[in-house]
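Observations on chain architecture
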Amino acid sequence: MELSFVIEKFVLVTVIFLISLTIAAYSTLAERKIAAFLQGRVGPHRAGWGGMFQPLADGAKMFFKEEIIPTQSNPFLFIAGPSLALLTALIGSAVIPFGQALTIGDKVIPLQVADIDVGILYIFGVVSLGVYGIMIGGWASNNKFSLMGAVRAASQNISYEIGMGLSIIALLMVTGSLSLKTIAEQQSGFVNWNIWAQPLGFLVFITCAFAECNRTPFDLPESENELVGGYHTEYSGMKLGGFLFAEYINMFVSSAVMATLYFGGYNFPFMNDLGLSPNIITIIGVLFLFAKIFFFIFFFMWVRWTVPRFRYDQLMNLGWKVLIPLGIANIVLTGIWIVVKDIYFK
Amino acid sequence: MESLSNRKKVIEQKPMTFAERIYLPVILKGLAITFKHMFKKKATTFYPEELRPMSENWRGLHSLKRDENGKERCTACGLCALACPAEAITMIAAERKKGEEHLYREEKYAAVYEVNMLRCIFCGLCEEACPKEAIYLDGPFLEADYLRKDFIFGKDKLVEEPLKP
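Now for a description of the structure that goes with this document. All of these numbers come straight from a predicted model, not from anything done at the bench.

Counting residues at the interface gives ten residues for chain B, matched by nine residues for chain A. Taken together, the residues that form the side of chain B that touches chain A break down as four nonpolar, four polar and two charged.

This part takes up the environment of A:Ala170. Residue and element names in this part refer to chain A. Mapped onto the elements, alanine 170 comes out in helix 5 (residues 144-175). Owing to 26 C-beta atoms within 10 Å, alanine 170 belongs among the buried residues under this scheme. When the C-alpha atoms of alanine 170 and tyrosine 26 are compared, they prove to be 34 Å apart, with 144 residues separating the residues in sequence. Among all residues touching alanine 170, those that are not within four sequence positions of it are Gln198, Gly201, Asn330, Ile331 and Thr334.

Below, the discussion takes up the sheet that holds strand 2 (residues 89-95) of chain B. Residue and element names in this part refer to chain B. The three strands lie next to each other as 2-3-5, forming an open sheet whose pairing is antiparallel. The two strands at the open ends of the sheet, each matched to only one other strand, are strand 2 and strand 5 (152-153). Examined bridge by bridge, strand 3 (residues 108-116) and strand 5 share two bridges and lie antiparallel to one another. Bridge assignment links valine 115 to a residue of strand 5, and that residue is phenylalanine 153.

Now for the pairing of strand 3 of chain B. Looking at chain direction, strand 2 of chain B and strand 3 of chain B are connected through seven bridges and run antiparallel. Looking across to strand 3 of chain B, one finds that B:Ala94 is bridged to B:Tyr109.

As a further point, take unusual backbone geometry. For A:Asn214, which is not glycine, the phi torsion reads 55° and is therefore positive. In this structure, B:Ala76 takes a positive phi of about 55° despite not being glycine. Residue classification places B:Ala76 among the buried positions, given that 20 C-beta atoms sit within 10 Å.

The rules behind each value
Residues numbered from 1 in each chain as written. Chains lettered and ligands numbered in written order. Predicted model: local features only at pLDDT ≥ 70, side-chain atom pairs only at ≥ 80, totals over all residues. Contact = placed C-beta atoms within 7 Å. Nonpolar A, V, L, I, M, F, W, Y, C, P; charged D, E, K, R; others polar. Helix = DSSP H or I, 4+ residues; strand = E, 2+ residues; numbered from the N terminus. Buried ≥ 20, exposed ≤ 12 C-beta atoms within 10 Å, placed from the backbone. Pairing = 2+ DSSP bridges.

As structure tokens, this is what we get:
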């Protein structure tokens, strides 16, 4: 464990941390601007050119607000809820390969914080832990409606994790490895992208990703806040900011995972034919990955302001009775296709 | 049962086709509609640089008028204060002295005339009640301010027209 390794990883972690926080902050602005444009109006445009400094204003507003902790609640759990939500949202970004390796001098720096052999499974574990943040927030509010909202949010979350897992199994059959770096490496160019191999799997995955991030049309936990209560009724100031921020960081990580698993990650068309130096290919790859991530974030917001939300029983019906059979059918079809390919297209 | 007018329409409740049940084609159509809106003209008015057009009878801030010779019309008769439903107008009358004939039309004038803009509802009853045609509500929109006392508009501050008409 030499010093240079520690420094390199530390710098990478800091950079990725800052990038995810900045993207989450500007996602709040993008949400408001895109919502406005889709609704025929102009969003925030007074704070800085085009409303650029609006997230700073919102952050400052959150910090200045009064921190209220209900008397009968458990103060430790009350503060732990949003902290846990933020923590699990941020550590999901540790296994995403942001690019191929950079070669500086004779040092090769991979642009991924931790290349573990079970990359996707780690992300699944982290997403499952995210449910705890919501449950603790709902319980610690000492409010029946918050608890009901949190219970519904948690049940929605765990139901759609199964659908995600099934689509990942089909993907695993195609790629043969769980490590995100291997999956990204196998999708070099354009025709090797997994979206061509697994369209149905991608459909199931993106539906479950919407449900995991609590975004419309599955935002019943959020909408209940407007109607009755919800897991963040009793929160104010930066703790509420923590919950909302955790949702945007979850969106960012989900977009990054979708881009890496199905859309080739940092690969772009004709990447090996242009004859550029490896470092330039890496940098352009990173830019392409962020373009894909931004497109997915735009897609999240586009769907939010178009589709009405599901009722709770319709949501559960979709998760258990539609997506799981679809996921299983996808696995069976993928298996048949692999066997047929082996026999006939050797 | 006979229908009175022929305007009723019987709704058909056919079972959904496969394409309708998977919701995806409808969602994609909806996404296309929403996306088109991004490129249409926006309906926002950029206040205060742009102003929305108001009708001719729109009532704005008060202004006490002067006649053709530049003398103030208001004689502090108090009819506007009596007519005001929100009791927003108060005044203190004074007598015109020897050298002030060019300033005031009649012998009685309003030395202090105050309108509390927080109470005023811009109904225009004071404009209708004035027998001297002295007060009109033809000013601009009321602007925001910080302290309550700054909203009591006195005679020289904002309730008066400029000195030379």
